[in-house]
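Residues per chain, in single letters:
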Amino acid sequence: TFAQEHVGTGITVNITGLTLSGDDAANYSFTVTASTTANITARPLTVSGITASNKTYDSETTATISTVSASMVNNVSGDELTLNKTSAAGTFAQEHVGTGITVSISGLTIEGTDAVNYTLTQPTTTANITQKALTATGITAENKVYDSETSATLVYTSATLSQKISGDDLTLTQNATGTFAQEHVGTGITVNITGL
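This one's a predicted model, so the numbers in the text were calculated from it and none came from an experiment.

Quick look at a nonpolar patch on the surface
No. 1: Judged by side-chain polarity, I15, L18, L20, Y28, F30 and V32 come together as a nonpolar surface patch covering roughly 550 Å² of accessible area.
No. 2: Judged by relative accessible area, F30 falls into the partly exposed class, the value being 40%.

A closer look at the pattern of salt bridges
No. 1: Going through the model one piece at a time under the given rule, you end up with two salt bridges.
No. 2: Note that K55 is salt-bridged to D58, the shortest N-O span being 2.9 Å.
No. 3: Owing to a relative accessible area of 15%, K55 belongs among the buried residues under this scheme.

Description of the sheet that holds strand β10 (residues 89-92)
No. 1: Read across the sheet, five strands follow the order β5-β14-β11-β10-β6 without closing on themselves; strand pairing throughout is mixed. Taken across any chain shown, the strands that pair with only one partner, and hence form the sheet edges, are β5 (55-56) and β6 (62-63).

Structural notes on the environment of I50
No. 1: Looking at the element boundaries, I50 is found in the loop between β3 (43-48) and β4 (51-52).
No. 2: Using a relative accessible area of 8% as the deciding quantity, one classes I50 as buried.
No. 3: Considered as a pair, I50 and P123 are 73 residues apart in the sequence and their alpha carbons are 8.1 Å apart.
No. 4: Residues within four places of I50 in sequence aside, it is in contact with I65, S66, T67, A70, I105, L108, P123 and T125.

Some remarks on the nonpolar core
No. 1: Core analysis: the biggest nonpolar cluster contains 23 residues, and V47, I50, I65, F92, V103, L108 and I110 have the highest contact counts within it.
No. 2: The set of elements that each furnish at least two residues to this core consists of β3, β11 (98-106), β13 (118-120) and β14 (124-130).
No. 3: For this core, the leading source of residues is β11, giving three residues.
No. 4: With residues up to four places along the chain from it excluded, the contact list for V103 reads A52, A63, I65, G90, T91, F92, P123, T124, T125, T126 and A127.
No. 5: If you look at the next biggest cluster of nonpolar residues, it comprises five residues, including I139, L154, L172 and A176.

Thoughts on the sheet that holds strand β21 (residues 191-194)
No. 1: As summarised here, the arrangement of the three strands in space is β17-β20-β21, forming an open sheet in which the pairing is antiparallel. At either margin of the open sheet sits one strand with a lone partner, and together these are β17 (151-152) and β21.
No. 2: The sheet contact formed by strand β20 (residues 177-180) and β21 spans four bridges and is antiparallel. Following the sheet pairing, G178 is matched in β21 by I193.

What counts as what
The residue numbers shown here count from 1 along each chain, following its written sequence. Only residues with pLDDT of 70 or above have their local features reported here, since the model is predicted, and side-chain atom pairs are shown and tallied only from 80 upward, although totals for entire chains, interfaces and linings are computed over all residues. With hydrogens and water stripped out, all remaining heavy atoms of the structure feed into the side-chain values. Within this analysis, patches are made of residues with over 30% relative accessible area and no salt bridge. Like charges are joined at 9 Å or less; nonpolar side chains (Val, Leu, Ile, Met, Phe, Trp, Tyr) at 5 Å or less. All accessibility values rest on the Shrake-Rupley procedure with a 1.4 Å probe; residue burial counts only the protein chains present in the view. The working definition used for a salt bridge is a side-chain nitrogen of Lys or Arg within 4 Å of a carboxyl oxygen of Asp or Glu. Accessibility here uses a 1.4 Å probe with only protein chains present; expressed as a share of the type maximum, an area under 20% marks a residue as buried, one over 50% as exposed, and anything in between as partly exposed. Strand pairing is assigned whenever DSSP identifies at least 2 bridges connecting the two strands. Only DSSP runs of H or I with at least four residues qualify as helices, and only runs of E with at least two residues qualify as strands; both kinds are numbered from the N terminus onward. We call two residues contacting when some pair of their heavy atoms lies within 4.5 Å. What we call a nonpolar core is a set of buried Ala, Val, Leu, Ile, Met, Phe, Trp, Tyr and Cys residues that are connected through their side-chain atoms within 4.5 Å.

What follows is the structure, encoded as structure tokens:
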């Protein structure tokens, strides 16, 4: 029997229940004075039930997590142990678009009388990063004389990408095709742009 239940090294282990047997056992009196030492190491503990939300690409690895259903795994029933989720945070393993990306959880701690008997491994979960929608603005089309065609000449002088995240390496390739919605004479005719 360990002299204590808690984690420690060189803990005294008291030994009881030794008996003598054999033909000559009756010739001896027997007193048990035996003891030894051993260690009790921390019990590994982890957490399940934490989820991360999918998000649109924002050039960051920050993840939004939910700890509502978080629960401890591998704790001994009856131990006084509480999971503190106040500082929990999630971090994507990458900033780029992808599915099933690992989200590492940090900031979880355990509290309570028996917390010293456990070592907590921070859990992981997964979530997706989806593409961010971009819009090209500022592209104009030149007026033209009627030629029975719908082709339009595009002007990129003021072209910009709205919703682009500052610092991202992204260039608008200016080889698109402009097409008038009609071939006939008119003003303010819609020009559809494809191929950006």
